[in-house]
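Geometric and topological summary
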Amino acid sequence: MAEHTATPGELYRAEALTRRYRDGGREVLALDSVDLHLDRGQRLGIVGESGSGKSTLVRLLAGLDRPTSGRVWFEGTEITRLPERDLGVLRASVQMVFQDPRSSLNPRMRVGDIITEPLRSRLVRRQLPAGTDHQHRLAEVLEAVDLPEDAGRRYPHEFSGGQRQRIAIARALAPKPEVLIADEPVSALDVSVRAQVLNLLTDLVASQGLTLVVVSHDLMVVRHLCDRLVVMRQGRIVEEGATETVYETPATAYTRALLDAVPRIRTSRG
Ligand code: ADP
Ligand code: MG
């Protein structure tokens with residue numbers, strides 16, 4: 001297994017990350033030789049138009065997909081070619097929240113079982129302190145996301161969209177991850193509850209000491225949450241920098257167009 005000497009604080013490094021998909025007879029280059037690094041405690045935003053490769057990139061970081069070529073290191077260990085059985089650290093340390101809590105939460109499971117499910121996974125269990133009490137952890141994370149104590153006994157359909165996304169966030173927090181990756185976390189929510197969920201994420205990142213990766217086509221979302229941005233187009237990173245620098249002095253016409261389009265794309269999804 002290839003190791004490399006991680007600089008202090010380095011959590012992720014990706015080199016020449018490429019992912020091709022076969023879509024019918026057509027080949028799609030979803031990710032085209034992307035380099036990336038992420039330090040512990042950073043809050044990274046990944047923005048770009050729909051289809052630019054954002055979700056593909058974060059799925060590779062989370063170990064949910066394998067690259068066609070290129071490599072990813074997590075805490076100095078190359079994860080790209082590790083067999084599934086050796087991905088335990090990643091499965092516990094890196095948690096994802098997806099766009100639509102309706103499809104990411106099993107409607108037939110009680111919320112308490114949904115949230116504690118990651119704790120029962122064999123790969124995750126080995127990473128947790130011995131004797132981790134699932135009901136205790138459930139109560140802790142329900143409180144952390146401002147849901148009532150009895151929420152665990154109920155089913156997802158009994159909750160509003162914003163509350164369902166809080167459930168998804170609680171499940172992600174349950175194994176005490178180091179990294180939270182949120183892919184369009186508020187895009188499927190009513191505009192009226194987006195700010196509440198974003199504020200919750202902001203608070204949790206601080207209180208739980210999380211490293212955050214947020215994917216959004218909505219530049220207002222990442223401006224609020226992130227200290228560093230990468231801008232993607234057609235599978236490549238076309239611009240990268242401190243959030244305020246990218247906003248104040250965008251280096252490419254593409255980024256300027258994304259910024260100009262904010263009021264319009266705020267209402268679209270994808
Ligand atoms: P984004 O999240 O920025 O909208 P994605 O990473 O989802 O973009 O997709 C990047 C490109 O890869 C798009 O052209 C998309 O259609 C294609 N793609 C993504 N997933 C698959 C897949 N499983 N099979 C075929 N093509 C895919
Ligand atoms: Mg996407």
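Data block above holds the structure.
Our subject in this report is the structure included herewith.

**Quick word on the overall build of the chain**
On a plain count of helices and strands, the chain comes out with twelve helices and ten strands. Its C-alpha atoms give the chain a radius of gyration of 18 Å, near enough to 18 Å, the size a compact globule of 270 residues would have. Considering the chain as a whole, with its 270 residues, one finds that 52% of them fall into the buried category. Across the chain, contacts joining residues at least 24 apart in sequence account for 68% of those joining residues at least 6 apart. As displayed, the chain has an accessible area near 12,700 Å², and 47% of this comes from carbon and sulfur atoms. In the chain, 37 side chains carry a positive charge and 36 a negative one; their mean positions are 5 Å apart.

**A closer look at the site of ligand 1**
Inspection of the region around ligand 1 gives Tyr21, Val28, Ala30, Glu49, Ser50, Gly51, Ser52, Gly53, Lys54, Ser55 and Thr56 as its neighbouring residues. Measuring from an oxygen atom of ligand 1, one finds a backbone N or O atom of Gly53 at 3.1 Å. Side-chain polar atom of Thr56 to an oxygen atom of ligand 1: 2.6 Å apart, as the coordinates give it. Here ligand 1 has 560 Å² of accessible area as a free molecule, and 63% of this is covered by the chains. Of the residues forming the shell around ligand 1, the biggest block, three residues, is contributed by helix H1 (residues 54-61). Counted by class, the shell around ligand 1 contains three nonpolar, six polar and two charged residues.

**Concerning H1**
The buried fraction of H1 amounts to six of the eight residues, a majority that puts the element mostly inside the structure. The set of residues buried in H1 consists of Lys54, Thr56, Leu57, Val58, Leu60 and Leu61. Backbone geometry just downstream of H1 places Gly63 in the positive-phi region, at approximately 75°.

**Description of the packing of helix H4 (residues 111-120) against helix H7 (residues 161-173)**
Axis separation between H4 and H7 bottoms out at 7 Å; the angle between their running directions is 35°. As for how H4 packs across H7, the hand of that crossing is right-handed. The segment H4 lies against H7, with Val111, Ile114, Ile115 and Pro118 engaging Ile167, Ala170 and Arg171. Taken together, the residues of the contact of H4 with H7 sort by class into six nonpolar, no polar and one charged.

**Quick word on the nonpolar core**
Of all hydrophobic cores here, the largest spans 50 residues; its most connected members are Ile115, Val145, Ile167, Ile169 and Leu225. In this structure Ile169 touches Val97, Val145, Val197, Leu200, Leu201 and Leu204, once residues within four positions along its chain are discounted. Core analysis: the next-biggest nonpolar cluster, separate from the first, contains 29 residues, Ala14, Leu31, Leu57 and Leu61 among them.

**Overview of a negative patch on the surface**
There is a patch of like negative charges on the surface, built from Glu143, Asp146, Glu149 and Asp203. Note that Asp146 resides in the loop between helix H6 (134-144) and H7. For Asp146, a relative accessible area of 59% gives the class exposed.

**Some points on the pattern of salt bridges**
Tallying each qualifying case throughout the model produces 20 salt bridges. A salt bridge links Glu240 to Arg228, with the nearest nitrogen and oxygen atoms 2.8 Å apart. Placement of the pair is Glu240 in strand E10 (residues 236-242) and Arg228 in strand E9 (residues 228-233), with a sequence separation of twelve residues. Residue class for Arg228 comes out buried when judged on its relative accessible area of 11%.

**A closer look at unusual backbone geometry**
Unusually for a residue other than glycine, Ala16 sits at a positive phi of about 50°. With a phi close to 60°, Ser33 is a non-glycine residue in the positive phi region. With a relative accessible area of 39%, Ser33 lands in the partly exposed category.

**Concerning the pairing of strand E7 (residues 179-183)**
The buried fraction of E7 is high, at five of five residues. Side chains Val179, Ile181 and Asp183 project from E7 onto one buried face, and the interleaved Leu180 and Ala182 project onto a second face that is buried too. Where strand E6 (residues 94-97) meets E7, four bridges bridge the pair, whose relative direction is parallel. When the bridges of E7 are listed, Met96 appears paired with Ile181. Two elements, E7 and strand E8 (residues 211-216), share five bridges in a ladder whose sense is parallel. Bridged to Val179 within E8 is Thr211. Between the parallel elements E7 and E8, the chain passes through helix H8 (residues 191-207) in a crossover that is right-handed.

What counts and what doesn't
Residues numbered from 1 in each chain as written. Chains lettered and ligands numbered in written order. Predicted model: local features only at pLDDT ≥ 70, side-chain atom pairs only at ≥ 80, totals over all residues. Heavy atoms only, no water. Helix = DSSP H or I, 4+ residues; strand = E, 2+ residues; numbered from the N terminus. Rg over C-alpha atoms; globule rule 2.2 N^0.38 Å. Buried < 20%, exposed > 50% of the residue type's maximum accessible area, 1.4 Å probe, protein only. Contact = heavy atoms within 4.5 Å. Areas by Shrake-Rupley, 256 points an atom, 1.4 Å probe, with all protein chains shown as cover. Lys, Arg positive; Asp, Glu negative; His and termini not counted. Charge placed at Lys NZ, Arg CZ, Asp CG, Glu CD. Near = heavy atom within 4 Å. Polar contact = N/O pair within 3.5 Å; in protein donor to acceptor, adjacent residues only side chain to side chain. Nonpolar A, V, L, I, M, F, W, Y, C, P; charged D, E, K, R; others polar. Axes fitted to C-alpha atoms, helices over the stretch in contact; angles between N-to-C directions. Left-handed = near helix turned anticlockwise from the far one by under 90°. Core = buried A, V, L, I, M, F, W, Y, C linked by side-chain atoms within 4.5 Å. Patch = residues over 30% accessible without salt bridge, like charges linked within 9 Å, V, L, I, M, F, W, Y side chains within 5 Å. Salt bridge = Lys/Arg side-chain N within 4 Å of Asp/Glu carboxyl O. Pairing = 2+ DSSP bridges. Right-handed = clockwise from strand over helix to strand, strands pointing away.

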